[in-house]
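The residues making up each chain are set out below.
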Amino acid sequence: MHRVGIGHDTHRLEAGTALVLGGITIPHDKSAIGHSDADVLLHAITDALLGAAALGDIGELFPDTDPANRGRDSAEMLRAAADRLAAAGWQVANLDCVIFAQRPKILPHRPAIRRRIAEILGLDEQAVWLKAKTGEGVGPIGEERAIAAECVALVERRA
Ligand code: CDP
Ligand code: ZN
């Protein structure tokens, strides 16, 4: 038995020195702002997994009103969601993700991001794909005021 889930996330960008994205740190002149480490891709993946298994969403598991979640490592949140899925009898079949960012170029970082996500979830790298789109210079993405990500996840019953 299979189920599909979708996740979407957006974070504001401000002047900074690095972006935390897909579990890696990319040197950049802007940083994403958020209560946790603001890793927009891991947040979208977390929501896609929780949605596939009908187990809640990232804001329910890790409320931004809880001081314990301030600066939290998003890999920890993703792993907690994956643990919930496993406990409910689900395993991840594959993930397909899109990052919406005018800059920086994401493709050079794709291998490292795929490796890191696969490592966090205990998956084969082939089960994780990633694409990127600019905002064509318009709107909050194109004007580099925001970064967003989407993920579709397929989960299957564990054998
Ligand atoms: O050409 P098209 O309008 O479909 O896409 P684009 O948003 O202009 O992106 C062109 C290429 O740059 C694509 O192959 C993306 O994968 C890549 N890209 C990237 O590496 N990093 C980004 N932040 C945005 C796009
Ligand atoms: Zn987020």
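Computed from a predicted model, the values in this text were never measured in an experiment.

Colleague: Can you lay out the nonpolar core for me, pointing to particular residues and giving the numbers?
Modeller: Ranked by size, the top nonpolar core spans 43 residues in total, and within it L41, I45, L49, L95, I117, L121 and I147 carry the most contacts. Sorting the residues of this core by element identifies β2 (18-21), β3 (24-27), α1 (40-52), α3 (74-87), β5 (90-100), α4 (110-121), β6 (128-133) and β7 (146-157) as the ones contributing at least two each. Per-element accounting of this core gives the leading share, 9 residues, to α1. In contact with L95, other than residues within four places in its own chain, are I45, L49, I117, L121, A127, V128, W129, C151, V152 and A153.

Colleague: Would you mind going over the packing of α3 against α4 in detail, with residue names and values included?
Modeller: α4 packs onto α3 with a crossing angle of 45° between their chain directions and a minimal axis gap of 9 Å. Between α3 and α4, the crossing angle belongs to the class labelled oblique. Like other packed secondary-structure pairs, α3 and α4 cross with a definite hand, here right-handed. Across the interface between the two elements, A75, L78, R79 and A82 from α3 touch R116, I120 and L121 from α4. Tallied by class, residues from the contact of α3 with α4 come to 5 nonpolar, no polar and 2 charged.

Colleague: Residues and numbers for the coordination of the zinc ion (ligand 2), please.
Modeller: Surrounding the zinc ion (ligand 2) are the protein donor atoms D9 (OD), H11 (NE2) and H43 (ND1), which sit 1.9 to 2.0 Å from the metal. Between consecutive donors of the zinc ion (ligand 2), the numbers of intervening residues give the motif D-x1-H-x31-H. Here D9 is found in strand β1 (residues 2-15), whereas its partner H43 is found in helix α1, with 34 residues between them in sequence. Given the relative accessible area of 8%, H43 is considered buried.

Colleague: Account for the pairing of β7, naming residues and giving values.
Modeller: Inspection of the sheet shows β1 paired to β7 by 11 bridges, in the antiparallel sense. Note that in β7 the partner of R3 across the bridge is V155. Sheet topology places β5 next to β7; 10 bridges connect them, and they run antiparallel. The partner of F100 across the bridge, within β7, is A148.

Colleague: Break down the sheet that holds strand β4 (residues 30-33) for me, with residues and values.
Modeller: Overall, mixed pairing links the 5 strands, which are arranged β4-β1-β7-β5-β6 in an open sheet. With one partner strand each, in any of the chains shown, β4 and β6 form the two edges of the open sheet. Taken pair by pair, the neighbouring strands of this sheet meet at an average axis angle of 30°, ignoring direction. One ladder, built from 4 bridges, connects β1 with β4; its direction is antiparallel. Counterpart to R12 in the pairing with β4 is I33. Contacts from α1 reach β1, β5, β6 and β7, with the element oriented near 155° to β1.

Colleague: Residues and numbers for the packing of α1 against α4, please.
Modeller: Where α1 contacts α4, the axes come no closer than 12 Å and their chain directions differ by 40°. As far as their axial angle goes, α4 and α1 are oblique. In the packing of α1 onto α4, the handedness of the crossing is right-handed. Of the residues in α4, those touching α1 at L41, L42, I45 and L49 are I113, I117, I120 and L121. Grouping the constituent residues of the contact of α1 with α4 by class yields 8 nonpolar, no polar and no charged.

About the thresholds
Residues numbered from 1 in each chain as written. Chains lettered and ligands numbered in written order. Predicted model: local features only at pLDDT ≥ 70, side-chain atom pairs only at ≥ 80, totals over all residues. Heavy atoms only, no water. Core = buried A, V, L, I, M, F, W, Y, C linked by side-chain atoms within 4.5 Å. Buried < 20%, exposed > 50% of the residue type's maximum accessible area, 1.4 Å probe, protein only. Helix = DSSP H or I, 4+ residues; strand = E, 2+ residues; numbered from the N terminus. Contact = heavy atoms within 4.5 Å. Axes fitted to C-alpha atoms, helices over the stretch in contact; angles between N-to-C directions. Parallel < 35°, antiparallel > 145°, perpendicular 65-115°, else oblique. Left-handed = near helix turned anticlockwise from the far one by under 90°. Nonpolar A, V, L, I, M, F, W, Y, C, P; charged D, E, K, R; others polar. Donors = N, O, S within 2.8 Å, 3.2 Å for Na, K, Ca; no water. Pairing = 2+ DSSP bridges.

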